[in-house]
2 protein chains.
Amino acid sequence: MTEKTSHATVDDVAALAGVSTATVSRCLNAPDRVTAATREKVMTAVRALNYTPNFGAKALASKRTGIIGAVVPTLENAVFAHGVDAFERALAPGKFALLVASSGYEAGREKRQIEALVARGADGLLLVGFDRDPAIYDWLALRKVPYVLAWSSGESHPYAGFDNLSGMAAMVGMVLELGHRNIAMISGITSGNDRARDRLEGARSAMAQAGLSFCGVREVAYGLESAAGAFSALMADRRVTAVICGNDVLAAGALRAAHGMGLRVPEDVTITGFDDIDIAEITWPQLTTVRVPHSRMGEEAARLLQDLIAGRPGESVLLATELVRRGSHAAVAGAGILP
Amino acid sequence: MTEKTSHATVDDVAALAGVSTATVSRCLNAPDRVTAATREKVMTAVRALNYTPNFGAKALASKRTGIIGAVVPTLENAVFAHGVDAFERALAPGKFALLVASSGYEAGREKRQIEALVARGADGLLLVGFDRDPAIYDWLALRKVPYVLAWSSGESHPYAGFDNLSGMAAMVGMVLELGHRNIAMISGITSGNDRARDRLEGARSAMAQAGLSFCGVREVAYGLESAAGAFSALMADRRVTAVICGNDVLAAGALRAAHGMGLRVPEDVTITGFDDIDIAEITWPQLTTVRVPHSRMGEEAARLLQDLIAGRPGESVLLATELVRRGSHAAVAGAGILP
DNA sequence: TTGTACGCGTTATCAA
DNA sequence: TTGATAACGCGTACAA
């Protein structure tokens, strides 16, 4: 009875090919350090035995797994789904694989997920934003795990992101130019979320620069329903002519609520988004929003992280955001200013 | 100069705690097989040394990684993003982590991704649909890697999915009841995609049952633009009063094209979707579509796969789809049938 | 309940 | 270019 269930090992391959295990290993990991003739013999044996290197043994001996971890709030937001998708595709094929975990916007869960990924041997990490317990950065440094932050500018950390603050300030600036003065905002929950905080901050500073402040600000969880609720509450103040939203999902929810209330967009109220995900082009009217190059950002993050893992310097990159003027904005009625 | 860079090992912990390495291992993996007193000593040492088990060594010795792999066409489609998100959340926390790869709807790339995940020591796999090279299933069986198929009923394979065929047949049945007779369809690319094929097949069989066939069928890549193009082409036939779409993205693209052509929906043309993702509620009018319990499916798939990995039997589950009647359908003009 | 000692399969060092 | 051999760090029979 031969052991049919056990897999072939380097020893089996070496024996069949008539070489040493060291040569087999070289053939697989550094083919150019072996003569064509022996390489041929070895590869034939590999195929004959259907040999696959044991992952654990390889990781143990080489001290690297080829696994990169990513922790995002949720894949349900297209922003992260697209970014992670692009990130994964930009990883050197065959060399790295992506381990994904979600935090549900919870700091505690994010910490546990980071630990779990590192425990699984992640060679590097992709994280969202910079706002987290400093102990985590210390721990990562201690463990010598390289990481890249995305969707924000990472302050002192390596990052591939953009400036949420100025992006939103530009949007509010445009709304002000349209003559709006009574403006409200629906923001994401800012606690533990630097993206949401920066967007709110950017909006407020643009208002302040014009000597104004918001009629009302509502912090709500990202979701159509919560945005719709916030919108109705905000519009109770009949002076409001524009509602700035922290992202496109929030804006879509507000838009729907507006329709439900019999309000015309943009004639009665201007609604703006942020992110420029697919839904921005699907709503009616289409959303005026801030374009963020999510896919490009995923690619840059992958490039940067792979540099870091390889011991190369690696430079952070700040991507530009862009105002996208579509149909959900207009000059305030009677303002005499053209859109 | 002490070696500051090397991490603590079981030996270090054992030495500090004054026990053997075996006891340390037991404390971490089977705490109940150790007295509370020694456990306390060991855990104190673990914390003091900031000890984390080496992943490679653990995997090598235990022959399992706690890594589960998933290969989906793309995370850009909300259907997969949501499903994967739910799947990941349903994985036993701390015990399993999710390795995600995308195939871009390419069979060759999917095969390579599967191999890459198995090479990374995946204890189990989540795959989309059943339509793939049989050699892959053989290879998986040879390697003894458990897997679960989702988004389809998996034929002879373990699956957590739903019946695309009957789901679409029900939708077409409803459209026929509304009096429509000149119907066209925008389908996803059916080659290598059993979901798209089943939906097209289900639609055709419902038509056939009424003694009809489609005015036109267009197979296009999933995307707003391609759907918009297909819609205009299909509507060149002025008899068409309803367009069945293979999924919600396609339907959203068709809807946008309809607006662009000055067609009213649903007064001039009925448009239906499939999947019931977020955008179905964001379009105007909201999409009449087929609801698929993506999150529930992800959870069931996780449950099933974990059963399989644990050596338990594990039962496939077929989830029910449901017709969601919203605003994009209406009785054909002059049909005298109420919606 | 705890300790001893070996095996897991690969890579890397150093000679040849 | 190739080969012998020593790590790599943990789990686990088996014995105490």
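What you see is a predicted model; the values in this text were computed from it and never measured.

S.K.: Help me out: how do you make sense of the sheet that holds strand 4 (residues 147-150) of chain B in this one?
M.R.: Through backbone hydrogen bonds, the strands of a sheet pair up, either in parallel or in antiparallel fashion. On the basis of which strands lie adjacent, the open sheet formed by 12 strands has the order 11(A)-5(A)-4(A)-3(A)-1(A)-2(A)-2(B)-1(B)-3(B)-4(B)-5(B)-11(B) and mixed pairing. In this open sheet, the two strands that pair with only one neighbour each are strand 11 (317-319) of chain A together with strand 11 (317-319) of chain B. In this sheet, neighbouring strand axes are inclined to one another by 20 degrees on average, regardless of whether the strands run parallel or antiparallel. Bridge count between strand 1 (residues 67-72) of chain B and strand 3 (residues 124-128) of chain B: four bridges; the pairing is parallel. From the neighbouring strand, B:A70 faces strand 3 of chain B, where its bridge partner is B:L126.

S.K.: Help me understand the protein's contact with DNA strand C in this model?
M.R.: Neighbouring residues of DNA strand C: 25 residues in total, closest A:V10, A:S25, A:Y51, B:T23 and B:R26. Considering the 4 Å shell around the protein, atoms of DNA strand C inside it are sugar or phosphate in 66% of instances. A distance of 2.7 Å separates a phosphate oxygen of DNA strand C from a polar side-chain atom of A:N29. For the surface near DNA strand C, the secondary-structure elements that each account for two or more residues are helix 2 (21-29) and helix 4 (55-62) of chain A together with helix 2 (21-29) of chain B. If you tally residues by element for the surface near DNA strand C, the top one is helix 4 of chain A, at five residues.

S.K.: Can you walk me through the protein's contact with DNA strand D in this structure?
M.R.: Around DNA strand D, a shell composed of 24 residues is seen, among which A:T23, A:R26, A:T38, B:V10 and B:Y51 lie nearest. Within the contact set of DNA strand D, a phosphate oxygen lies 2.6 Å away from a side-chain nitrogen or oxygen of A:T23. Backbone polar atom of B:V10 to a phosphate oxygen of DNA strand D: 2.6 Å apart, as the coordinates give it. Elements supplying a minimum of two residues to the surface near DNA strand D: helix 2 and helix 4 of chain A together with helix 2 and helix 4 (55-62) of chain B. Considered class by class, the residues forming the surface near DNA strand D number 12 nonpolar, nine polar and three charged.

S.K.: Help me understand the relation of the copies chain B and chain A, please; the structure alone is not making it clear to me.
M.R.: Two copies of the chain are present, and they differ by a rotation about an axis and a shift along that axis. Each copy superposes on the other: chain B lies on chain A with an RMSD of 0.1 Å after a rotation of 180 degrees and an axial shift of 0.0 Å. These values place the two chain copies in the arrangement generated by a two-fold rotation axis. Most of the interface of chain B is mirrored in chain A, where 100% of its interface residues again form contacts.

S.K.: Looking at this structure, I do not really get the sheet that holds strand 6 (residues 183-188) of chain A. What am I missing?
M.R.: Residue and element names in this part refer to chain A. Ordered in space as 7-6-8-9, the four strands form an open sheet in which the pairing is parallel. Two strands lie at the open edges of the sheet, namely strand 7 (216-220) and strand 9 (270-272), each paired on one side alone. The sheet shows a mean angle of 15 degrees between the axes of neighbouring strands, direction not considered. Looking at chain direction, strand 8 (residues 242-245) and strand 9 are connected through three bridges and run parallel. Residue pairing for strand 9: V243 is matched across the bridge by I271. Helix 9 (residues 194-209) rests against strand 6 and strand 7 of the sheet, and its axis sits at about 165 degrees to strand 6. The sheet contacts of helix 11 (residues 248-260) involve strand 6, strand 7, strand 8 and strand 9, and relative to strand 9 the element is tilted by about 155 degrees.

S.K.: So what exactly am I meant to see when it comes to the interface of chain B and chain A here?
M.R.: By a widespread convention, an interface's size corresponds to the accessible area lost as its parts come together. The partner chain A presents 51 residues to the 51 residues of chain B that form the contact. Both faces combined, the contact of chain B with chain A buries some 4200 Å², and carbon together with sulfur accounts for 58% of it. When the area that chain B buries against chain A is broken down by residue, the three leading residues are B:E76, B:R120 and B:I282, summing to 16%. There are four salt bridges connecting chain B and chain A. Our enumeration of links across chain B and chain A arrives at 18 residue pairs in polar contact (both at pLDDT 80 or more). At the level of elements, helix 4, helix 5 (78-89), strand 2 (97-102), helix 6 (107-119), helix 7 (134-142) and helix 11 (248-260) of chain B are the ones that each hand at least two residues to the side of chain B that touches chain A. When grouped by side-chain class, the residues that make up the side of chain B that touches chain A number 23 nonpolar, 17 polar and 11 charged. As judged from the three bridges shared by strand 2 (residues 97-102) of chain A and strand 2 of chain B, these two strands associate in the antiparallel manner. Across the sheet, the residue bridging to A:V100 is B:L98, located in strand 2 of chain B.

S.K.: I keep staring at the pairing of strand 4 (residues 147-150) of chain A and nothing clicks. Help me out?
M.R.: Both faces of the sheet carry side chains from a regular strand, because those side chains alternate between them. Residues and elements named next belong to chain A. Across the two faces of strand 4 the burial is the same, with Y147 and L149 and V148 and A150 all buried. Relative to strand 4, strand 3 (residues 124-128) runs parallel, the two sharing four bridges. Bridge pairing links L126 to V148 in strand 4. Taken together, strand 3, helix 7 (residues 134-142) and strand 4 form a β-α-β motif whose crossover is right-handed. Pairing analysis gives two bridges linking strand 4 to strand 5 (residues 159-162), with the strands arranged parallel. Bridged to A150 within strand 5 is A160.

S.K.: Explain the UniProt feature "domain: HTH lacI-type" (unreviewed entry) in chain A to me, please; I cannot follow it from the model alone.
M.R.: The positions that UniProt labels "domain: HTH lacI-type" (unreviewed entry) are, in the present scheme, residues 8-62 of chain A. In this annotation, residues 8-62 of chain A is assigned 71% helix and 0% strand; the end-to-end C-alpha distance for the span is 20 Å.

The rules we used
- Residues numbered from 1 in each chain as written.
- Chains lettered and ligands numbered in written order.
- Predicted model: local features only at pLDDT ≥ 70, side-chain atom pairs only at ≥ 80, totals over all residues.
- Heavy atoms only, no water.
- Pairing = 2+ DSSP bridges.
- Helix = DSSP H or I, 4+ residues; strand = E, 2+ residues; numbered from the N terminus.
- Axes fitted to C-alpha atoms, helices over the stretch in contact; angles between N-to-C directions.
- Near = heavy atom within 4 Å.
- Polar contact = N/O pair within 3.5 Å; in protein donor to acceptor, adjacent residues only side chain to side chain.
- Nonpolar A, V, L, I, M, F, W, Y, C, P; charged D, E, K, R; others polar.
- Least-squares fit on C-alpha atoms with pLDDT ≥ 70 in both.
- Contact = heavy atoms within 4.5 Å.
- Buried area = accessible area lost by both parts, 1.4 Å probe.
- Salt bridge = Lys/Arg side-chain N within 4 Å of Asp/Glu carboxyl O.
- Buried < 20%, exposed > 50% of the residue type's maximum accessible area, 1.4 Å probe, protein only.
- Right-handed = clockwise from strand over helix to strand, strands pointing away.
- UniProt positions renumbered as here; feature names shortened; annotations may be inferred.

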